[in-house]
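Residue strings, one per chain:
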Amino acid sequence: QVQLVESGGGLVQPGGTLRLSCAASGFTFDYYAINWFRQAPGKERERISCISSSDGSTYYADSVKGRFTISRDAAKTTAFLQMNSLKSEDTAVYYCAADIEKSSCTVRTGTLAYWGQGTQVAVSS
């Protein structure tokens, strides 16, 4: 019954914009920090962002800092990732994950027990 569903991916030109959504159900959304990860073929999964459910803290990987913005809407039990100035190297499958051990965002995650299926982002001319 626990579910995270990503949406909003697609094909976009370099410099373009996408907004990803992560809709949560089956658990208490407000208890947990939400993380965004991405994985491209042949590469390790990369943690790119996090948003707290408690203290307002956020985390951004250097690779996306200044271009991506994470947010969450408690009423909608949904987290978002606003992706601006997209580059070809942003091409990947993007996943959201709920940290059931932590409500705030720090350098290290806790236990990422809940994962979505991912949404594909392709940035190409």
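The paragraphs below set out a description of the structure included in this document. Here the structure is a predicted model, which means the values were calculated and not measured.

Observations concerning the environment of P14
Consideration 1: Examined against the element boundaries, P14 turns out to sit in the loop between β2 (10–12) and β3 (18–25).
Consideration 2: Overall, the relative accessible area of 41% leaves P14 in the partly exposed class.
Consideration 3: P14 sits 17 residues away from Y31 along the chain, and the two C-alpha atoms are 36 Å apart.
Consideration 4: For P14, the residues in contact, after removing those within four places along its chain, are L86, V123, S124 and S125.

Brief notes about the state of the cysteines
Consideration 1: In the structure shown here, the tally under the stated rule is two disulfides.
Consideration 2: The disulfide bridge from C22 ends at C96, spanning 2.0 Å between sulfur atoms. With the S-S dihedral at roughly 75°, the linkage between C22 and C96 falls on the right-handed side. Note that C22 is positioned in strand β3 and C96 in strand β9 (residues 92–99), a separation of 74 residues in sequence.

What to know about unusual backbone geometry
Consideration 1: Positioned with a positive phi, T77 is a non-glycine residue whose angle comes to about 45°.
Consideration 2: Note that T77 resides in the loop between β7 (68–73) and β8 (78–83).
Consideration 3: Unusually for a residue other than glycine, S85 sits at a positive phi of about 50°.
Consideration 4: Along the chain, S85 turns up in the loop between β8 and β9.

Reading the values: the criteria
Residues numbered from 1 in each chain as written. Predicted model: local features only at pLDDT ≥ 70, side-chain atom pairs only at ≥ 80, totals over all residues. Heavy atoms only, no water. Helix = DSSP H or I, 4+ residues; strand = E, 2+ residues; numbered from the N terminus. Buried < 20%, exposed > 50% of the residue type's maximum accessible area, 1.4 Å probe, protein only. Contact = heavy atoms within 4.5 Å. Disulfide = S-S within 2.5 Å.

So, to be careful, I would describe these as geometric facts and stop short of saying anything about function.
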